[in-house]
Amino acid sequence: MGTVETSIRDKLTALLQPAELNITNDSWKHRHHVAMKAQDGGNGESHFSIQVVSEAFKGKTTMQRHRMIYAALSDELAQGLHALSLKTKTPEEQQKDTASS
C-alpha cells in the first residue's frame, strides 16, 4: 500500500468511521495516458476506486456524500491524485442491496 492510499484510508476512517471501506488502486489502468506518464512514469497513485459504507451518509444525497470525500482528500487531489470512482452507501442501503442479490 502506497502513501496516497494510506492517507486516503486514514482520512476517510477518521471522517466517516466506516462499517466497510474498500480502496483499490486503479492507476495501472491509466499508465499509458500521457499525463500519467509525465507525472511519475505511470507507476503512481493517481486513480482509485473507493467503496465506503458509513452512518455518516444517512440523510445525504450522493452528491453530498461525494463532496464530503473530495473535501477530505483535497490535499491529495492538489498533489497529484487525479480521479476517484466512488460508491457510497449507508449500512441500511448496503443491507438492502445484499438482501436483493
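Under an unreviewed UniProt entry, the chain has the name Bola-like protein and belongs to Obba rivulosa. The UniProt entry for the chain carries the following comment under Sequence similarities (unreviewed entry): "Belongs to the BolA/IbaG family."

Moving on to the pattern of salt bridges. On inspection of all chains with the given rule, the structure shows six salt bridges. Among the ionic pairs, Glu5 bridges to Arg9, the shortest N-O distance being 3.8 Å. Of this pair, Glu5 and Arg9 both sit in helix H1 (residues 3-16), four residues apart, which is roughly one turn of the helix. By relative accessible area, Arg9 is classed as partly exposed at 23%. Notably, a salt bridge pairs Glu92 with Lys58, separated by 3.8 Å at the nearest N-O pair. Here Glu92, found in helix H5 (residues 91-100), pairs with Lys58, found in the loop between strand S2 (47-53) and helix H3 (62-72); they are 34 residues apart in sequence, far enough to count as distant. Via salt bridges that share partners, Lys11, Asp75 and Glu76 belong to a single interconnected network.

This part takes up the sheet that holds strand S1 (residues 20-25). Here we have three strands laid out as an open sheet, ordered S1-S2-S3, and mixed in their pairing. What marks the edges here is a single partner per strand, and that holds for S1 and strand S3 (83-89). Strand-to-strand twist of the sheet, defined as the mean angle between neighbouring strand axes without regard to direction, takes the value 10°. Along the sheet, H1 makes contact with S1 and S2, crossing S1 at roughly 160°. Its contacts with the sheet put H3 on S2 and S3, and the angle it makes with S3 is roughly 130°.

Let us look at the pairing of S2. Burial within S2 is extensive, with five of its seven residues counted as buried. Both S1 and S2 contribute to a ladder of six bridges, which runs antiparallel. Looking at S2, one finds that Leu21 is bridged to Val52.

The subject of this paragraph is the side chain of Thr88. Summarising the element assignment, Thr88 is placed in strand S3. Take Thr88: its relative accessible area is 10%, and that puts it in the buried class. With residues near it in sequence (within four places) discarded, Thr88 still touches Val52, Phe57, Arg65, His66, Ile69 and Glu93.

The rules behind the values
- Residues numbered from 1 in each chain as written.
- Predicted model: local features only at pLDDT ≥ 70, side-chain atom pairs only at ≥ 80, totals over all residues.
- Heavy atoms only, no water.
- UniProt positions renumbered as here; feature names shortened; annotations may be inferred.
- Salt bridge = Lys/Arg side-chain N within 4 Å of Asp/Glu carboxyl O.
- Helix = DSSP H or I, 4+ residues; strand = E, 2+ residues; numbered from the N terminus.
- Buried < 20%, exposed > 50% of the residue type's maximum accessible area, 1.4 Å probe, protein only.
- Pairing = 2+ DSSP bridges.
- Axes fitted to C-alpha atoms, helices over the stretch in contact; angles between N-to-C directions.
- Contact = heavy atoms within 4.5 Å.

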